[in-house]
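Listed below, chain by chain, are the residues.
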Amino acid sequence: MDLLTSTTVQQIINAVSVGAIYALFALGYALVFSILGVLNLAHSAIFMWGAFIGMLALDPEKAPILIAFSIAALLLSIPSILLEKRIVQPQLLRLPHQSQRFVGLIVRVVALYLLWQIGRPIYGILIGILPETMIIPAIIAFVFSVLGGGILSVILEFTAFRPLRARNAARLAQLVSSIGAALVLVNVAQIAFDWLYNRTEGYYPRDVQLLPFIPTETWIIGDLRITPIRVVILVIALGLMVALQYMVTKTQIGQQMRAVAFNQRISSLLGIDVSRVYIVTFFLAGAFGGAAGMLFGMVFLNVTPFIGESIALVGLTAIVLGGLGSINGAVLGGFIVAFIQTASVTFGGSSYRNAIVFILLFLVLLLRPQGILGQAEENRA
Amino acid sequence: MGFLIDGFNQLQTWLLILLSPLNITEPVLQFMLVSAILGLSIYLTLYTGMFSLANGGFMAIGAYVSVLLTQQAGWSLSLSILTGMIVAGIIAVPIGLPVLRLRDIYLAIATIGFGEVVRIMALNFDDLVESFIKWMVQKEILFDSLISRAETSDMLDITIRDNGNVRVNFELLGGARGIKGIPVMAETWMLVLFLIIVIYFIIRLHRSRLGRAMAAIRQDEQAASNMGIDVVYVKNVVFVLSAMIAAAAGGLSGHLTRIIDPSNYGFDLVVDILAYAVLGGTQTWAGPVIGAMVLRALPETLRGFSELRGLINGLILLGAIVYLPSGLVDIKGFRGLVAYFRNNRTQRKEMVKDNANT
Amino acid sequence: MPILELKHVSRHFGGLLALEDVNMIVEVGKVVGLIGPNGAGKTTMINNISGLDHPTNGEILFQGQAIHKQTPHKITQIGITRTYQNIRLFGDMTAHDNLLIGQHARGRATLLESLFFLPRYLEEERTLRQRATELLAQFGLEHVTNTLAGTLSYGDQRRLEMARALAANPKLILLDEPTAGMNPTETHELGEQILRLRAMGITILVIEHDMSLIHQVCDEVYVLNFGCMIAQGTPTEIRANPLVIEAYLGVDEDSRSPRLHT
Ligand SMILES: Nc1ncnc2c1ncn2[C@@H]1O[C@H](COP(=O)(O)OP(=O)(O)OP(=O)(O)O)[C@@H](O)[C@H]1O
Ligand SMILES: [Mg+2]
């Protein structure tokens, strides 16, 4: 009896910390959905990149590569953004309407190629300057993951979503382009993994000390064994969620985000810079995805380019459960999915873990498509 | 029939010689044809305005059913593929009835979920049966018939230890390893024939009441229902048809290679199928067919890029949706272009006339 | 003999009473007008009759048969069709094809018959196409037979929508502001079209703001305000009814159109 309860408590602790990661991840989905009304299926790829970047930063041998690459990218990004805004876009607008898209595509492909060629020597110089090994504190690595996720997400907004919105494309088109973006991100990661590790797999170090002053040894309380990392994850995830909640409800940009979520046209008439709201939203969503990725890596250690796949559907289930687009619902959904998964592993064996999540997803969609916290919409004739 | 097939084989040889500079070999061609059939299966649902991504799941059902029938029961290829199609069609009904009430993104998510459930079922089917039989043996339900079944069948193995422990071994779908040693019975001409049949079917469909109803539903579901169209019925019929076509593609492709396993039918496949439709466009049936062919041929033609297939797929999907919103086969765009040039010409003529007048 | 009967029909959207205890009788072969200020619930009523929406309470009878729980396509099949306030043609199809869709309920040929060009399919397709051509002629739309409906002029779209509603051979047609956006000449022509339909024995329920059209075509007028039926009578009676004038308060009573166009 005693044993049973202590394993149950153990399970609950595990479920809560995994749930925190899911919730963090699902928040990104929900943020973008509530503002844009579109499901960003590339969010899971950003999650994976978050885990990947964190892993590189924590690896003393790979950290210089990451840093050199980041600096090179930063150096190149400023002139290229200026070029795009000042020269490419205005010139494109002067072309006849029919050929704008095509010429735009060619110009950008060429520009990317040139950037790549310019970037390589810069990277070479930087890597020569930097020491061979660098030890980066875990908290800085975490910042890398968060920023990386955020920046990738903003890039997606510019390349995959904004052009579609500009021509008023259907929401489904945006879903498709997000799938395309996810494919690109995953495949690039695959190439990067191959290049850096010679295989498509990497490992986090054990016992990363993310927050100072917290010992990394396992705590043993009676029969319970608690790895501090799980507690740290919970603390960080909850902290981020509270910060988001504060931001959305109390700050000016948060109010603007809610206004845009309510109605884009009216918001822009009210003088809200809708495009800025999009950028902020995507950055936040990506940052949360990146953070979730790194925390995931610290718990499960093994990282591959494909870790996004399973969590993509978990996250989907979480937001559908909570009500698509509901931010609090996403958090709730994340925890529910984690608990159900843990319970199903305990009672049925791990191979059914995902099946149960899908069946859950299926049932919720059929019985209550608006989710737990969502409200049914009446359709107008 | 015989001389037709001969003639076709001649044609195919020539075609392959013509295509050889593009690095298109017979297996690649077969793959392209299967993809074209899959493209048509998603075309039907998209044309009706349903964003269903269940095709992968139905393809898996068709593949597993027909492969089991040829391999285990020794059925003929056509009959087993037909059975696979029927099974998929029958499964599509209870799935479609509730799911097709959902709209765009919700429908997409639910059908992705369906596909994954099918895949996971295929993955765990043997395990499930094993635990079930073990439970039956332990509870001594149908004990004798199970034991005698186990003795005659090579699928099922039951060992009972002296201490009462029961070990059951069941192998039908092979879990993650999949089914091996499938007889390679499908040939290129069958794929071509089936593709032609499907295209004919779709052309006729467009000229029928059902086809017009499909287009109406895509454009305005409520107005369509006010035209006397039973929207629920039409959507479900289309869903079933699409499932059957996907199942046929599964059955055919299952007999092209010696092995099938659940990983062939995951989310990647669904994304590929979607990419065919997006690249080709869904204004006519030719869109997904051409999209599928191009997308399948490209990695071969660009040899050396074959490791980058995923990346190229992603870039094409992204590029097509952003830069080619109507796909490669853009009839409206083409008409627009023709009209544009015609207008230009008449304008020029008028200008000439004006000049002559002055 | 009533063809359509609404008995104590209510439709509530949350707390909003779009229709409240509405009673109405439409006699066979009559043209009945439905007027009322913005948001009075007129479109809601048509939606409920045509099955796109369902009453919260009450019943709707068509030829004595309850239809308020029916699906839209069943309602069309038994003889009620409609047009929409904001035109809802199938914009990606030609005018001709729109009229083929309009006749969907009349077709019987199955997919199999069309696959193999069986006689019933060929025969049916011929009659459907012929009827579509006739309808185009009847509404003066021959010149746009093969034009995409979405690219037609506004007036042509309105006419095409009416032709499409007629295509199914209905007994009752519901017209939701058929003259919105038309000039007086076009409006008058449409009125004659409506009278022609009545001469063919078709009953018509028309929502209209233009009092001149109401006078031109209606045998009887119902007035809806805030979801309640406040008056009923001949067009002349309605114009003199103080309740109606009050409902339209703020609009010059002498003007032919009692309500500002929006
Ligand atoms: N699906 C719906 N959900 C919520 N409220 C609705 C819905 N449909 C209509 N309403 C409300 O019901 C009321 C009646 O609307 P309705 O469209 O029937 O008015 P109407 O008489 O047709 O007005 P108009 O002259 O502007 O066309 C309005 O207040 C409208 O906002
Ligand atoms: Mg109205």
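Note that the structure is a prediction, hence the values are computed from the model and not measured. (Residues numbered from 1 in each chain as written. Chains lettered and ligands numbered in written order. Predicted model: local features only at pLDDT ≥ 70, side-chain atom pairs only at ≥ 80, totals over all residues. Heavy atoms only, no water.)

Participant: Would you mind going over the domain arrangement of chain B with me for this structure?
Facilitator: A common way to state how big an interface is: give the accessible area lost once the parts meet. By domain assignment, chain B separates into domain 1 (25–129 + 177–327), domain 2 (130–174) and domain 3 (332–358). Domain 1 of chain B and domain 3 of chain B are separated by 44 Å when their C-alpha centres are compared. (Domains from an automatic or database assignment.)

Participant: Before we go on, may I ask you to explain the sheet that holds strand S3 (residues 31–35) of chain C in this structure?
Facilitator: Within a sheet, neighbouring strands are paired by backbone hydrogen bonds and run either parallel or antiparallel to one another. Residue and element names in this part refer to chain C. Strand order in the open sheet formed by 6 strands is S6-S7-S8-S3-S9-S10, and the pairing between neighbours is mixed. The open sheet has two edge strands with one neighbour each: strand S6 (80–82) and strand S10 (228–233). Across this sheet, the average inter-strand angle for adjacent strands is 20°, counted without regard to direction. Helix H1 (residues 42–50) rests against S3, S6, strand S7 (172–176), strand S8 (203–207), strand S9 (220–225) and S10 of the sheet, and its axis sits at about 150° to S7. Contacts from helix H7 (residues 184–199) reach S3, S7 and S8 within the one sheet, and its direction differs from that of S8 by about 150°. (Pairing = 2+ DSSP bridges. Helix = DSSP H or I, 4+ residues; strand = E, 2+ residues; numbered from the N terminus. Axes fitted to C-alpha atoms, helices over the stretch in contact; angles between N-to-C directions. Contact = heavy atoms within 4.5 Å.)

Participant: Explain the confidence of the model for chain B here, please?
Facilitator: Any residue range with low pLDDT should be treated as having predicted coordinates unsuitable for detailed reading. Averaged over all residues, the pLDDT of chain B is 85; the fraction at 70 or higher stands at 93%. For chain B, helix H14 (residues 331–357) of chain B is the element with the lowest average pLDDT, namely 67, and helix H10 (residues 231–254) of chain B is the one with the highest, namely 95. (pLDDT = per-residue confidence, 0-100.)

Participant: Whenever I open this one, the coordination of the magnesium ion (ligand 2) confuses me. Can you help?
Facilitator: Angles between donor atoms at a metal ideally measure 109.5 degrees for a four-coordinate tetrahedral arrangement and either 90 or 180 degrees for a six-coordinate octahedral one. Residues and elements named next belong to chain C. Within the protein, the atoms that donate to the magnesium ion (ligand 2) are Thr43 (OG1) and Gln85 (OE1), at distances of 1.8 to 2.1 Å. Of this pair, threonine 43 sits in helix H1 while glutamine 85 is found in the loop between S6 and helix H3 (95–102), placing the two residues 42 residues apart along the sequence. Since its relative accessible area comes to 33%, glutamine 85 is described here as partly exposed. (Donors = N, O, S within 2.8 Å, 3.2 Å for Na, K, Ca; no water. Buried < 20%, exposed > 50% of the residue type's maximum accessible area, 1.4 Å probe, protein only.)

Participant: Sorry, what's going on with the nonpolar core here?
Facilitator: Where a protein is soluble and globular, its nonpolar side chains tend to be buried together. Within the largest apolar cluster, 256 residues are counted, with the highest numbers of intra-cluster contacts made by Leu39, Phe52, Tyr204 and Leu295 of chain A together with Leu38, Phe58 and Ile229 of chain B. Sequence-distant contacts of leucine 39 of chain A, that is, excluding residues within four places in its chain, are made with Phe33, Leu175, Ser178, Leu316, Ile319 and Leu324 of chain A together with Ile105 and Ile109 of chain B. Grouped together as the second largest cluster of nonpolar side chains are 41 residues, Leu141, Leu152, Ala163 and Tyr248 of chain C included. (Core = buried A, V, L, I, M, F, W, Y, C linked by side-chain atoms within 4.5 Å.)

Participant: Sorry if this is basic, but what is going on with the site of ligand 1 here?
Facilitator: Residues and elements named next belong to chain C. As a matter of local geometry, ligand 1 sits amid 15 residues, with Asn38, Lys42, Thr43, Thr44 and Gln85 nearest to it. Asparagine 38 places a side-chain nitrogen or oxygen 2.7 Å from an oxygen atom of ligand 1. Between ligand 1 and the protein, one listed contact pairs an oxygen atom with a backbone N or O atom of lysine 42 at 2.8 Å. Here ligand 1, which alone exposes 640 Å², has 76% of that area covered by the protein. Those elements giving two or more residues to the shell around ligand 1 turn out to be strand S2 (16–27) and H1. (Near = heavy atom within 4 Å. Polar contact = N/O pair within 3.5 Å; in protein donor to acceptor, adjacent residues only side chain to side chain. Areas by Shrake-Rupley, 256 points an atom, 1.4 Å probe, with all protein chains shown as cover.)

Participant: It is not clear to me how the side chain of glutamate 208 of chain C should be interpreted in this structure. Could you clarify?
Facilitator: Residue and element names in this part refer to chain C. Looking at the element boundaries, glutamate 208 is found in the loop between S8 and helix H8 (211–217). You can call glutamate 208 buried: its relative accessible area is 3%. Polar side-chain contacts of glutamate 208 include one of 3.1 Å to the backbone nitrogen of aspartate 210. Not counting residues within four places of it along the chain, the set of residues in contact with glutamate 208 comprises Leu34, Ile35, Glu177, Pro178, Thr179, Leu213 and Ile214.

Participant: What should I look at first to understand the pattern of salt bridges in this one?
Facilitator: A side chain of one charge can pair with a side chain of the opposite charge when the charged atoms of the two come close. Counted by the stated rule, this structure contains 18 salt bridges over all chains. Across the pair arginine 108 of chain A and glutamate 84 of chain A runs a salt bridge, and its minimum N-O distance is 3.1 Å. Of this pair, arginine 108 of chain A sits in helix H4 (residues 97–129) while glutamate 84 of chain A sits in helix H3 (residues 63–94), and the two are 24 residues apart along the sequence. Judged by its relative accessible area of 27%, arginine 108 of chain A is partly exposed. Between arginine 177 of chain B and glutamate 171 of chain B there is a salt bridge whose closest N-O contact spans 3.9 Å. Overlapping salt bridges bring together Glu157, Arg162 and Arg165 of chain A as one network. (Salt bridge = Lys/Arg side-chain N within 4 Å of Asp/Glu carboxyl O.)

Participant: Even after reading the chapter, I still don't get the packing of helix H5 (residues 138–166) of chain A against helix H6 (residues 171–197) of chain A, so can you show me in this structure?
Facilitator: Helix-helix packing is described using two parameters, namely the angle between the two axes and the distance between the axes. Residue and element names in this part refer to chain A. Between H5 and H6, the least distance of the axes is 10 Å, while the angle of their chain directions is 145°. The chirality of how H5 crosses H6 is right-handed. Residues Leu152, Leu156, Ala160, Phe161, Leu164 and Arg165 of H5 form the contact with H6, whose own contacting residues are Ala173, Gln174, Ser177, Ser178, Ala181 and Leu185. The residue makeup of the contact of H5 with H6, split by class, is 8 nonpolar, 3 polar and 1 charged. (Left-handed = near helix turned anticlockwise from the far one by under 90°. Nonpolar A, V, L, I, M, F, W, Y, C, P; charged D, E, K, R; others polar.)

Participant: Sorry if this is basic, but what is going on with the interface of chain B and chain C here?
Facilitator: Counting residues at the interface gives 26 residues for chain B, matched by 31 residues for chain C. Summed over both sides, the interface between chain B and chain C buries roughly 2600 Å², with carbon and sulfur atoms accounting for 55% of that surface. Sorting the residues of chain B by area buried against chain C places Arg209, Asn226 and Met227 of chain B first, and these three jointly supply 29% of that buried surface. The tally of links from chain B across to chain C stands at 2 salt bridges. Viewed at the interface, chain C and chain B are joined by 18 residue pairs in polar contact (both at pLDDT 80 or more). (Buried area = accessible area lost by both parts, 1.4 Å probe.)

Participant: So what exactly am I meant to see when it comes to unusual backbone geometry here?
Facilitator: Residue and element names in this part refer to chain C. The backbone of glutamate 177 shows a phi angle near 50°, a positive value even though the residue is not glycine. Within the secondary structure layout, glutamate 177 lies in the loop between S7 and H7. In this model, phenylalanine 226 sits at a positive phi of 45°, which is unusual for a non-glycine residue.

Participant: Could you clarify how one ought to interpret the packing of aromatic side chains in this entry?
Facilitator: Two numbers describe a pair of aromatic rings. These are the distance of the centres and the angle of the planes. Applying the stated rule across the entire model yields 13 aromatic pairs over all chains. When the centroid spacing of 6.1 Å and the interplanar angle of 35° are considered together, the rings of phenylalanine 193 of chain A and tyrosine 197 of chain A count as tilted. Of this pair, phenylalanine 193 of chain A and tyrosine 197 of chain A are both found in helix H6, 4 residues apart, which corresponds to roughly one turn of the helix. For phenylalanine 193 of chain A, a relative accessible area of 0% gives the class buried. Note on tyrosine 197 of chain A: relative accessible area 16%, which makes it buried. Three or more aromatic residues joined by ring pairs form one cluster here, namely Phe25, Tyr29, Phe47, Phe296 and Phe300 of chain A. If you follow arginine 165 of chain A out to its NZ or CZ, it ends over the ring of tyrosine 278 of chain A, 3.7 Å from the centre. Above the face of the tyrosine 47 of chain B ring, arginine 218 of chain B is positioned so that its terminal group lies 4.7 Å from the ring centre. (Phe/Tyr/Trp six-rings, centres within 6.5 Å; stacked < 30°, edge-to-face > 60°. Lys NZ or Arg CZ within 6 Å of the ring centre and 35° of its normal.)

Participant: Would you mind showing me how to read empty space enclosed by the protein here?
Facilitator: Empty space among the atoms can be located by rolling a probe the size of a water molecule over them. Residue and element names in this part refer to chain B. Under the defined criterion, the tally for this structure stands at 3 cavities of 30 Å³ or more. By volume, the largest cavity amounts to about 50 Å³. With 3 residues, the top contributor of residues to the lining of the largest cavity is helix H5 (residues 104–138). Split by residue class, the lining of the largest cavity holds 5 nonpolar, 4 polar and 1 charged. (1 Å grid on protein atoms, 1.4 Å probe; cavity = no way out; pocket = protein on both sides within 12 Å on 5 of 7 lines; lining within 4 Å. Points joined across faces, edges and corners; volume = space filled by probe spheres on them.)

Participant: What is the right way to look at the interface of chain B and chain A in this model?
Facilitator: Listed by partner, the interface residues are 40 residues for chain B and 48 residues for chain A. Of the roughly 3700 Å² buried between chain B and chain A, counting both surfaces, carbon and sulfur atoms make up 78%. Scanning the region where chain B abuts chain A turns up 0 salt bridges. Inspection of the chain B/chain A interface yields 3 residue pairs in polar contact (both at pLDDT 80 or more). Breaking the side of chain B that touches chain A down by element, the ones donating at least two residues are helix H4 (77–99), H5, helix H11 (267–280) and helix H13 (309–323) of chain B. Residues that form the side of chain B that touches chain A fall into these classes: 29 nonpolar, 6 polar and 5 charged.

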